[in-house]
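Tertiary structure, described
So the chains spell out like this:
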Amino acid sequence: MNPQAKLIFSMSLLLGTAITISSNHWIMAWTGLEINTLAILPLISKSHHPRAIEASTKYFLIQATASTLLLFSSMVNAWFTGQWDITQLTHPLSCMLLTAAISMKLGLVPFHFWFPEVLQGSSLMTSLLLATVMKFPPTILLFLTSPSLNPTLLSMMAIASAALGGWMGLNQTQVRKIMAFSSISHLGWMAIILIYSPKLTLITFYLYSLTTAAIFFTLDATNTLKLSTLMAAWSKIPTLTATLMLGLLSLAGLPPLTGFLPKWLIIQELTKQELTTAATIIALLSLLGLFFYLRLAYCATITLPPNATNHMKQWHINKSVNTFTSTLVMLSIMLLPMSPTILTIP
């Protein structure tokens, strides 16, 4: 892709995100989401592969439907209450429509079907944008409207997302699809705590984005798209692949890694709210995710690819690792001691 075109699309992404997260009027928020959608489409389809074209078409149709629902939701609210302010969403029908629209944009169950397919059709870096940056504006809209949303509906969708994200990731061999189901599972954790502690939802999103970015940059550095390639990745950059294992375990939420912090805080908050059953169910469902993270970690560091003949592996330790990638990986596994500081993030 032409560098100037890529710069324009990247700047449009930043502009759309900035407009949505800083607006207090539904029309401006909708405009920002539309700019985002139009900016990411060329980045998805830039390889001109049939799968990429299919992914961009699916993405456009889903996002257009979600945006229509969101606009309709705000118009219904304005019709009944006379309010266009995002925080003044009070009409029950509007709240229901908004939950459906944002769930569709994020990929929450039962509106998750498009997400793994779109990620599979995109490059690793575009997949990273879809899994993190593109989910930030809808998450902020959920954060702003959280007092008006239905807690029972959100809890059911959250538990279904955690279950389906873990269950569907078990038999995948494509790394991007595994990361897509991992994203769906994490969205379940964010949605279940949204009503009771919106700030905690944002902290979970920040730490999830950090860890996911570290993993995608590592996969990009080793040019890994499926498990069979991941098995040979350790011979390319051994140190980076070893830290990839820790990053994956952090995403699974194992102590003493960074990813343990949000899950610990969410379970603690749910228990405080006397939702012990929900906390127990979602904690048990995270074990499904742990299985496929462990499988990825096992493939990355312990297994050898099958070979017809015995031969020595060629080590390529001279390949330089991007400083940015190394920093991201370190942050994704070593932030737990800084928990008190992280909790002060607004």
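Keep in mind that this is a model prediction, so the values were computed, not measured.

Moving on: the domain arrangement of the chain. Examined at the domain level, the chain breaks down into domain 1 (1–123) and domain 2 (150–345). For domain 1 versus domain 2, the separation of C-alpha centres amounts to 24 Å. Domain 1 puts 17 residues into the contact, and the matching count from domain 2 is 16 residues. Summed over both partners, the interface of domain 1 with domain 2 buries about 1500 Å², with 74% contributed by carbon and sulfur atoms. If you look at where domain 1 meets domain 2, you find 1 salt bridge. Of the charged contacts, one joins E117 and K177 as a salt bridge, the two residues approaching to 3.4 Å between their closest N and O atoms. The interface formed by domain 1 and domain 2 includes 5 residue pairs in polar contact (both at pLDDT 80 or more). Every element with two or more residues in the side of domain 1 that touches domain 2 is listed here: α4 (92–106) and α5 (114–120). Here the side of domain 1 that touches domain 2 takes 5 residues from α5, the largest share from any one element.

Take the packing of aromatic side chains next. Inspection of the entire model under this criterion finds 7 aromatic pairs. An aromatic cluster is present here, built from Y59, W114 and F115 joined pairwise through their rings.

Tallying each qualifying case throughout the model produces 2 salt bridges. The partner of E54 in a salt bridge is K58, with the nearest N and O atoms 2.8 Å apart. Remark: K58 and E54 occur in helix α3 (residues 50–81); sequence separation between them is 4 residues, near one turn of the helix.

What follows is about the environment of L207. Secondary-structure assignment places L207 in helix α10 (residues 198–221). By relative accessible area, L207 is classed as buried at 7%. For the pair formed by L207 and L335, sequence separation is 128 residues and the distance between their alpha carbons is 9.3 Å. Non-local contacts of L207, meaning those with residues more than four positions away in its chain, are made with T258, L261, P262 and L335.

The rules behind these values
- Residues numbered from 1 in each chain as written.
- Predicted model: local features only at pLDDT ≥ 70, side-chain atom pairs only at ≥ 80, totals over all residues.
- Heavy atoms only, no water.
- Domains from an automatic or database assignment.
- Contact = heavy atoms within 4.5 Å.
- Buried area = accessible area lost by both parts, 1.4 Å probe.
- Salt bridge = Lys/Arg side-chain N within 4 Å of Asp/Glu carboxyl O.
- Polar contact = N/O pair within 3.5 Å; in protein donor to acceptor, adjacent residues only side chain to side chain.
- Helix = DSSP H or I, 4+ residues; strand = E, 2+ residues; numbered from the N terminus.
- Phe/Tyr/Trp six-rings, centres within 6.5 Å; stacked < 30°, edge-to-face > 60°.
- Buried < 20%, exposed > 50% of the residue type's maximum accessible area, 1.4 Å probe, protein only.

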